[in-house]
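One-letter residues, chain by chain:
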Amino acid sequence: MINFQYLRTTTAKSALTLLQKDKNAKFLGGGTNLIDLMKRGVTAPEKLIDINHVPLKQIELVGSKIHIGAMATNTAVAEHPLIQEKLPLLSWALNAGASAQLRNVATVGGNMMQRTRCGYFYDTEMPCNKREAGSGCGAIDGFNRMHAIFGTSDKCIAVHPSDMCIALVALDAEVVLATPKGERKILFKDFHRLAGDTPQLDNNLKADEMIVRVEVPLNNFAKNAYYLKVRDRASYAFALVSVAAGLELQGNKIVNVRLAMGGVAHKPWRLTSAEDFLKGKEATTENFEQAAKLSMTGAKGFGENDFKLTLAPNTIIEALNLAKSKA
Amino acid sequence: MMENRILKDENDRVDGFLKVTGGAKYFAEYELPGLTYGVLVTSTITKGKITSLNTKEAEKAPGVIAVLSHLNKPSAPAYEQEGGSPMKIFYTDKIFYNGQPIAIVVANTFERATYAASLVKATYAKEAFNTDLEKALKDTKAKKLQGQPDYKRGTENAYKTAEVKIEQEYVLPIETHNPMELHGIIADWRPANKVTVYAKTQGVKATQGTIANVFKIPIENIQVNSEFVGGGFGMALRTWPLEIATVMASKHIGKPVKLVITRMQMFTMVGNRPAAIQKVGLGATKDGKLTGITHKAFGESSTYENFTEGVVNMAKFMYQCDNVNTSYTIVPVDLGVPIWMRGPGEATGAFALESAIDELAHELDMDPLDFRIKNDPEMDQQKNKPFSSKNLKEAYKLGADKIGWSKRKNKPGSLVEGSWKTGYGVSVGVFNANRGKASVKGILKADGTLVLQSATSDIGPGTGTGMGLIASKLLNIPTSKITFELGDSSLPPAPSQGGSATLSTIGSAVNDVCVALKSTIAELAANSNMDATSKFVDVLKKNNLPSIEVTKESQSGKERDSYSMYSFSIHFVQVKVHSLTGVVKISKIVSVGDSGKIVSPKTARSQMVGGAVGGIGMALTEESILDHRYGRYINNNFADYHVPVNADVPEIEVIFIDKPDYLVNPMGAKGMGEIALIGFSAALANAVFNATGKRIRKLPITPDKILA
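Residues numbered from 1 in each chain as written. Chains lettered and ligands numbered in written order. Predicted model: local features only at pLDDT ≥ 70, side-chain atom pairs only at ≥ 80, totals over all residues. Heavy atoms only, no water.

### Digging into the overall build of chain B
From N to C terminus, chain B includes 18 helices and 26 strands. Taken over the C-alpha trace, chain B has a radius of gyration of 27 Å; the compact-globule value for 708 residues is 27 Å, and the two agree within 12%. Based on the C-alpha atoms only, the size of chain B along its principal axes is roughly 85 × 75 × 50 Å. Per-residue burial for chain B yields a buried fraction of 61% across its 708 residues. Of all intrachain contacts in chain B linking residues separated by at least 6 positions in sequence, the fraction that spans at least 24 positions is 81%. Accessible surface computed for chain B: about 26,400 Å², of which carbon and sulfur atoms make up 51%. Across chain B, the mean location of the 82 positive side-chain charges is 2 Å away from that of the 72 negative side-chain charges. (Helix = DSSP H or I, 4+ residues; strand = E, 2+ residues; numbered from the N terminus. Rg over C-alpha atoms; globule rule 2.2 N^0.38 Å. Buried < 20%, exposed > 50% of the residue type's maximum accessible area, 1.4 Å probe, protein only. Contact = heavy atoms within 4.5 Å. Areas by Shrake-Rupley, 256 points an atom, 1.4 Å probe, with all protein chains shown as cover. Lys, Arg positive; Asp, Glu negative; His and termini not counted. Charge placed at Lys NZ, Arg CZ, Asp CG, Glu CD.)

Given below as structure tokens:
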């Protein structure tokens, strides 16, 4: 590890000021990903600005939206009565991620900022365009069992590793950012990016901006929702494929539906065509199968991850069935 | 009636309290005055030569005391000689595998050493390499070595002409031991060539001997301490080059040096369970009598040291069959040398053989349990000797009842509930009931306590607990008054802890010491006109003796020549497999141990449970993944290398046959460290087949393979 300067601040404003002073500074939240990356030599910030004492831990209902502060821990959100009652999908997704120890320190903002778990990204002796532009992609012709099947580019096929973000994108969340010019809002689905020609960029947060909170509109999906995560072991493993499903049912009719998938793309993958198809239809396995099929348009395997072309639609069907049978 | 005393479960681990309260001190926790910190620099190529090594920046970095490499060949007299197979660390510019240590940086803090290590720059002349076993097997020019003499009984490949036959190939990936405790050592080389080390080792005497050999100093000058070991699973059965490097460094700088390697380095420089490809052919008569067993195995080894293990042993005696042939070939690849991992080669072999037995039973449309019972041997056909004891038929029945085998349907995919399919599987495990030679010293004191000493280890099985119980039973002293000292090379010699032999080997010496102490007390009592039933405390007091001491060396007698001695296990597994996602959930495990008399029920059960958990890893989750283009590991961390977590582990029931076998040793007890795991992965694969009709012949059984 290379020596770095450690700074601590207690206000969002001063955090932003400190960040603007130094291009090589990074915010330190729970540190569950950043510290690993520093130990592996993937990143070497000169300054760490500890923002754990910035009062951004609120979880509250404001009007018709639930505000979740960027510094709230994953555990605090997952266990909060408001979240469990109104946004159970988010609570389940959070609890499906990492381990209890990690969730206790990992923050909402940090969760959004976590980087891919691609093994080539972590090993500085191997090629990775995300880590080192132009060095090539080790995964495309290498070990790509965990990798993306949607929205890939010839530069990068890494996946976004978060569970929380899958639920948030499904639930139409918005992200509130502090910028030098005041606050700006961005839809959660637009926060993360596809790799394209700039795989080094995971998201659209600018270098001088800070995540302040996430806002989630109230919805009617609490009754029939499910977060299904398929993984190599029962806990503490990243998703092979995960699906966040929320159904609003009248009898067996789907009034409204939200679907998003994890482990398949460089960003949380919202399944809008499947949603459009299901809206107004009966909640039957046949319709779920049709929706799953529609979701797979444009999917492409790279060899070892070809199984996701089967697993992904299967997981969509199972998640919808489980969401339906929740009531 | 001491002989019939039932040892109940309330006999806790003697070191349990220390371990759960942080009181147990592991090697890396020793703080020596003037301690310095070593960090290894490793090769980034897989094969070739170091052409330059620039250590200048590292040497100038803050806190750095020394940088050692092949350029300055730190003193190790044995390495100056020609030849010899173990890797001579820092005595060669050759690179044998990616991640090979090429230098050690020593600094006054760990962080400074880590930073300075990143400043060492090497250049290489690269050579073509191969880290892929499958590729090496296809390449007729690739080197292959006989790992064990070919074995033949009766007709070779008799299965080919059998009425019913199967022929299949089974593949195991590299598995890495990954004990929680990272490997390393503290070495303290003092003037007059006196060396003290705090090691993570399964054998303090072995570590002592290796250091003596390499540095050519008298063995009594070396003190090895290793009281607590945070898991080994076999990887601490030898002294690795990195440990020698640390001793070199301490000798070089005249200060104690601590080296703790990283989790990534745990994948490259302290061995693994080598990848293996096995071909099994089995034949039987229509009514299910085995007529031919052929087992051919190919296991990975390294290019600089050969590694062999007992992959095809089980095929030679486990089933009644007149025609058996086996071969075992080792294939050197450009990776670090493997080392025995729990169950070692036998666990590798059992996956293939016990999967194949299940496949043949299916071909015969027989219950695989009935098929095994029908072919259960009366004697060891390989050695042509009777078994010292074997209670498998009883064990099959006990386990089958417990798992609910009667609910199993022979037709795969018969038990379906919603998206989940249920299946049952069974497998046998077997391992030598080894017993070596060991010495134990017993000190019986007038204050009513007993101290036992031996230079053995405890990597987790509960050595001290078991030994205390043996002594307690013989001398009628409560275990709370007995202390067993181990993990110290100055104690009476004992072999390394491996091969499921500790209880049998050290326990026998404890037995002999206790018997001798008992007769000494009886003699003293008689000489001082005391009743023969007098308490030893009274006898010692009457004779004005603060204590008496006895040291005994113990080993097997001729009975070993007349009998075949094995420990056996049977694993039953019930699984549920999700038809859409391919997820395998284990719903129940029953493991039956046929390993003689159980000396310490709690730690014995713990062994079997731990073995099953290790078996879950082998069967479902563990695989060290290489990118063969680079010869580097992809998933070398605990997030991506999946050892089972609590949520993967279901209810595990352990049943012991608990019948003494006094031919093996005076306690009638056999080891069980290996049998706890051997065969488990096959039981699981067999259960998955029973649930789904899918036969997975390549471990681990991950969802993608179920869906394929």
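### Some details on the interface of chain A and chain B
Frequently, the measure chosen for interface size is the accessible area removed from exposure when the parts meet. On the chain B side, the residues contacting the 32 residues of chain A number 33 residues. Buried area between chain A and chain B, both sides added, is near 2,700 Å², and the carbon and sulfur share of it is 61%. Where chain A meets chain B, there are three salt bridges. One salt bridge connects Asp640 of chain B with Arg117 of chain A, and the closest N-O pair in it is separated by 3.7 Å. At the junction of chain A with chain B, the criterion picks out ten residue pairs in polar contact (both at pLDDT 80 or more). Broken down by secondary-structure element, the contributors of at least two residues to the side of chain A that touches chain B are helix 8 (119-122), strand 9 (224-231) and helix 13 (308-324) of chain A. For the side of chain A that touches chain B, the leading source of residues is helix 13 of chain A, giving five residues. In the side of chain A that touches chain B, the residues fall into 16 nonpolar, six polar and ten charged. (Buried area = accessible area lost by both parts, 1.4 Å probe. Salt bridge = Lys/Arg side-chain N within 4 Å of Asp/Glu carboxyl O. Polar contact = N/O pair within 3.5 Å; in protein donor to acceptor, adjacent residues only side chain to side chain. Nonpolar A, V, L, I, M, F, W, Y, C, P; charged D, E, K, R; others polar.)

### Here's the deal with the domain arrangement of chain B
Residues and elements named next belong to chain B. Per the domain assignment, the segments making up chain B are domain 1 (31-127 + 180-231 + 236-266), domain 2 (276-434 + 561-707) and domain 3 (436-555). On a C-alpha basis, the centres of domain 1 and domain 2 stand 38 Å from each other. With both sides pooled, the region where domain 1 packs onto domain 2 buries about 1,400 Å², and carbon together with sulfur makes up 59% of that total. Glu305 is the salt-bridge partner of Arg238, the closest N and O atoms lying 2.8 Å from each other. Linking domain 1 with domain 2 are five residue pairs in polar contact (both at pLDDT 80 or more). For the side of domain 1 that touches domain 2, the class distribution of residues is seven nonpolar, five polar and three charged. (Domains from an automatic or database assignment.)

### Some thoughts on the nonpolar core
All names here are of chain B. Core analysis: the largest hydrophobic core is formed by 84 residues, its most contacted members being Phe572, Val575, Leu684 and Ile701. With nine residues, the single largest contributor to this core is helix 9 (residues 344-363). When neighbours within four sequence positions are excluded, Ile701 is seen to be in contact with Val584, Ala619, Leu620, Leu684, Ala685, Val688, Ile696 and Ile706. The next biggest cluster of nonpolar side chains, apart from the first, holds 49 residues, and it includes Val106, Met248, Val337 and Leu491. (Core = buried A, V, L, I, M, F, W, Y, C linked by side-chain atoms within 4.5 Å.)

### Structural notes on the packing of helix 16 (residues 601-621) of chain B against helix 17 (residues 680-692) of chain B
Residues and elements named next belong to chain B. Taken N-terminus to C-terminus, the directions of helix 16 and helix 17 make an angle of 55 degrees; their axes are 8 Å apart at the nearest point. Between helix 16 and helix 17, the interaxial angle falls into the category oblique. In terms of crossing hand, the pair formed by helix 16 and helix 17 is right-handed. Only Phe680, Ser681 and Leu684 of helix 17 make contact with helix 16, whose side of the interface consists of Ala612, Gly615, Ile616, Met618, Ala619 and Leu620. Classifying every residue of the contact of helix 16 with helix 17 by side-chain character gives seven nonpolar, two polar and no charged. (Axes fitted to C-alpha atoms, helices over the stretch in contact; angles between N-to-C directions. Parallel < 35°, antiparallel > 145°, perpendicular 65-115°, else oblique. Left-handed = near helix turned anticlockwise from the far one by under 90°.)

### Quick notes on the pattern of salt bridges
Residues and elements named next belong to chain A. Per the counting criterion, the structure on display carries 45 salt bridges over all chains. Between Lys65 and Glu174 there is a salt bridge; the shortest N-O distance is 2.9 Å. Taken as a pair, Lys65 in strand 5 (residues 65-69) and Glu174 in strand 6 (residues 174-179) lie far apart in primary sequence, 109 residues in all. A salt bridge links Arg213 to Glu183, with the shortest nitrogen-to-oxygen separation between them at 3.7 Å. Taken together, the residues span a long stretch of sequence, with Arg213 in strand 8 (residues 210-217) and Glu183 in strand 7 (residues 182-187) at a distance of 30 residues. Since its relative accessible area comes to 14%, Arg213 is described here as buried.

### A short note on the domain arrangement of chain A
Each assigned domain of chain A is listed with its residue range as follows: domain 1 (5-50) and domain 2 (224-324). Once you take the C-alpha centre of each, domain 1 of chain A and domain 2 of chain A turn out to be 36 Å apart.

### Topic: helix 17 of chain B
The periodicity of an α-helix, 3.6 residues per turn, causes residues three or four positions apart to be oriented the same way. Residues and elements named next belong to chain B. The terminal C-alpha atoms of helix 17, which comprises 13 residues, lie 19 Å apart, in line with the 18 Å expected from a rise of 1.5 Å per residue. Counting buried residues along helix 17, twelve of its 13 residues qualify, which places the element largely inside the surrounding structure. Taken as a whole, helix 17 has its buried residues at Phe680, Ser681, Ala682, Ala683, Leu684, Ala685, Asn686, Ala687, Val688, Phe689, Asn690 and Ala691. Of the residues flanking the end of helix 17, it is Gly693, one or two places downstream, whose phi is positive at about 85 degrees. (Expected span 1.5 Å × (residues − 1).)

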